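These are the residues of each chain, in order.
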Amino acid sequence: MTRDCDAYAVASRDIVFESFDGEAVVLNLANGKYFGFSDSGSRVWQALASGIDARALIGLTAGGSTLGAAELEHFISQLLELGLLVPSETAAQPLPGELPAELAATSEPLDVSIHDDLADLIIVDPIHEVEEPLGWPAVKQAS
Amino acid sequence: MPRVTLETLPDYARHLITAAEDAAACYPAARTIRLPRLELIAHVAPGVLAEALGHAFLEAEDDLAEPSTCRIFTVHPGIGGIPEPARWGDAHFTEYGFAERLAGAELRGHYFHDLDFWQVYDPERRIGVQLMTSPDAFPPWEPTAPLRAFLHWEYAARGMRLTHAGTLGANGKGVLLAGAGGAGKSGTVAAGLLNGLDSVGDDYVLIDLAGGVTARPLFSTLKQDPQGFARLGLQQRLMIESPLNWQGKHTFHIADIAPRPVPAALDIVALVVPHIGGGETSSIVPVSRRDAMIALAPSGIMQMPGERESGFRFFGDLTRQLPSYRLSLGTHPEEIAGTLADFLTRVVS
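What this report covers is the structure whose coordinates are included nearby. (Residues numbered from 1 in each chain as written. Chains lettered and ligands numbered in written order. Predicted model: local features only at pLDDT ≥ 70, side-chain atom pairs only at ≥ 80, totals over all residues. Heavy atoms only, no water.)

### A closer look at the nonpolar core
Thinking step 1. Core analysis: the biggest nonpolar cluster contains 33 residues, and Leu 176, Ile 207, Phe 312, Phe 315 and Leu 318 of chain B have the highest contact counts within it.
Thinking step 2. Elements represented by at least two residues in this core include exactly β2 (15-20) and β3 (23-28) of chain A together with β10 (173-178), β11 (204-208), β15 (266-276), α9 (289-302) and α10 (308-321) of chain B.
Thinking step 3. With residues up to four places along the chain from it excluded, the contact list for Ile 207 of chain B reads Met 160, Arg 161, Thr 163, Leu 176, Val 213, Thr 214, Ala 215, Phe 314 and Leu 318 of chain B.
Thinking step 4. Within the second largest apolar cluster, 32 residues are counted, among which are Phe 57, Phe 138, Ala 145 and Leu 206 of chain B. (Core = buried A, V, L, I, M, F, W, Y, C linked by side-chain atoms within 4.5 Å. Buried < 20%, exposed > 50% of the residue type's maximum accessible area, 1.4 Å probe, protein only. Helix = DSSP H or I, 4+ residues; strand = E, 2+ residues; numbered from the N terminus. Contact = heavy atoms within 4.5 Å.)

Below you can see the structure in the form of structure tokens.
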């Protein structure tokens, strides 16, 4: 089904984020995975999470070059696969007036990095992992 | 043996609290521990855990604030009226789902399935139960920082936080050393203590964000792997004969190597992320708050049950309040301590 706009929303209440000097850190509370964004990725993440129409971002200057449709589509597909965003059917929000200038001031390309080295531990307990298909309390055997 | 599911979990938690309170007359001993803003009364049977309660804490002797009291019953079926621990009965278990279910009932809890080890806490009444199959059937990490889950829940309810970080300071000002295990926190803390700096803790400290970032001591234990222990000259200094802990590390106490009594608090002036640098000398350079947050928050949230979102917000606020730096560790303890002492002088001035 074709959507009237290309807007997104934060995938669930388990996705929480904080911004530091314009750089976002996102945590999935349910699985313990952390996500760090590049400076341009942080701005785009926050714009998408607030429900703007993604198409409004195409052609803006970001990370030292012009943001292309393919680059943006790839970034959004990453965020969808990571479970951070879902497509939204609600009306898109307007592009914040300050966003083009903020994006133009960024120096890094769109990027999101995953910090999941502790995620398995967060899901279960400080010491043990479990066999996921079997679930608790089947303790994963050391290989 | 009864089985507990997510559906029955809150009822089971309340059942344990009621059973422990009803058996209050049967406990052999109670120990009172004075912590910052908190009087912890632990009912515990003689044994390793009781001994740990005697030496694992740094008590807040000079804390002038009126403390609240929380009462923790460490119980087992050998005490009259205490039931056998139940087993987890659902096919799947996640810490998050477990904690969320209890939080919905205004309770906190943790379950370690290997030992059917239960911890449940009612933060409104400040009463908790640690149920074990026998007096010594606790996870191996418990004696190092006993009852830490209860302290985590109680302090979180007050807007404070047990934080997985080391500390070093001088003249009441200090830095918070953040990072996952292996980042070099413990070695840095020990190097600082051996060379004249203060610390209010190496593994878990209590952080309060009211009126700036303040770190207060809770636990006295320090840990070092055998290589670090030898490098720091601790083998000759401490003459420890006790076996290594469950992580293969030597354990000792801040007072064993501190240059002076542990301060009641350190005003934290910077967040420092150490890493093994590989060079001879140490260096400290600014790092983004994003990277500092990712160094600080995951292990702090991972090592404590529940309160995950509030922890994320808390560590976000903490990170926002402090300048952040990366510390590349050199190879000589004196040089590392000197670098940090000089850094503290610069930041404070």
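There's more to say after this.
### Regarding the sheet that holds strand β6 (residues 108-112) of chain B
Pairing between the strands of a sheet is mediated by backbone hydrogen bonds and can be parallel or antiparallel.
Residues and elements named next belong to chain B.
Thinking step 1. Judged by pairing direction, the sheet is mixed, and its 6 strands sit side by side in the order β2-β3-β4-β8-β7-β6 without closing on themselves. The sheet is open, and its two borders are formed by β2 (30-35) and β6, each paired with just one other strand. Direction aside, neighbouring strands of the sheet carry axes that sit 15 degrees apart on average.
Thinking step 2. In this sheet, strand β4 (residues 68-75) lies alongside strand β3 (residues 38-43) in parallel orientation, the contact comprising 6 bridges. Paired with Ile 41 across the bridge in β4 is Arg 71.
Thinking step 3. On top of the sheet, helix α1 (residues 9-22) reaches β4, β7 (117-122) and β8 (127-131); it is set at about 85 degrees to β7, its chief contact.
Thinking step 4. The strands that helix α2 (residues 48-55) touches are β2, β3, β4 and β8; relative to β2, the one it contacts most, it runs at about 30 degrees. (Pairing = 2+ DSSP bridges. Axes fitted to C-alpha atoms, helices over the stretch in contact; angles between N-to-C directions.)

### Some words on empty space enclosed by the protein
Residue and element names in this part refer to chain B.
Thinking step 1. Overall, the coordinates contain 2 cavities of 30 Å³ or more when judged by the stated rule.
Thinking step 2. Within this model, the second largest cavity holds a volume of roughly 50 Å³.
Thinking step 3. Lining the second largest cavity are Val 44, Ala 45, Pro 46, Gly 47, Leu 49, Thr 74, His 76, Met 132, Pro 135 and Asp 136.
Thinking step 4. Taken together, the residues of the lining of the second largest cavity sort by class into 6 nonpolar, 3 polar and 1 charged. (1 Å grid on protein atoms, 1.4 Å probe; cavity = no way out; pocket = protein on both sides within 12 Å on 5 of 7 lines; lining within 4 Å. Points joined across faces, edges and corners; volume = space filled by probe spheres on them. Nonpolar A, V, L, I, M, F, W, Y, C, P; charged D, E, K, R; others polar.)

### Overview of helix α5 (residues 185-194) of chain B
All names here are of chain B.
Thinking step 1. Across the 10 residues of α5, 8 count as buried, placing the element largely inside the fold.
Thinking step 2. Of the positions making up α5, those classed as buried are Lys 185, Gly 187, Thr 188, Val 189, Ala 190, Ala 191, Gly 192 and Leu 193.
Thinking step 3. Phi turns positive, to about 100 degrees, at Gly 196, one or two residues after α5.

### Focus on the layout of surface pockets
All names here are of chain B.
Thinking step 1. Approximately 890 Å³ is the volume attributed to the largest pocket.
Thinking step 2. As for the largest pocket, its lining consists of 42 residues, of which Gly 181, Gly 182, Ala 183, Ser 186 and Lys 249 are closest to the centre.
Thinking step 3. At the level of secondary structure, the elements contributing two or more residues to the lining of the largest pocket comprise α5, β13 (221-224), α6 (226-231), α9 and α11 (333-348).
Thinking step 4. With 5 residues, α5 is the single largest residue contributor to the lining of the largest pocket.
Thinking step 5. In terms of domain composition, the lining of the largest pocket takes at least three residues from each of domain 1 (3-158) and domain 2 (160-348).
Thinking step 6. By volume, the second largest pocket amounts to about 430 Å³.
Thinking step 7. Together, 18 residues line the second largest pocket, and His 55, Pro 143, Thr 144, Asn 245 and Thr 251 are the ones closest to its centre.
Thinking step 8. Looking at the lining of the second largest pocket, the elements that each hand over two or more residues are α2 and β14 (250-253).
Thinking step 9. Ranked by residues supplied to the lining of the second largest pocket, first place goes to α2 with 4 residues.
Thinking step 10. Taken together, the residues of the lining of the second largest pocket break down into 10 nonpolar, 7 polar and 1 charged. (Domains from an automatic or database assignment.)

This is a description of form; function is not addressed.
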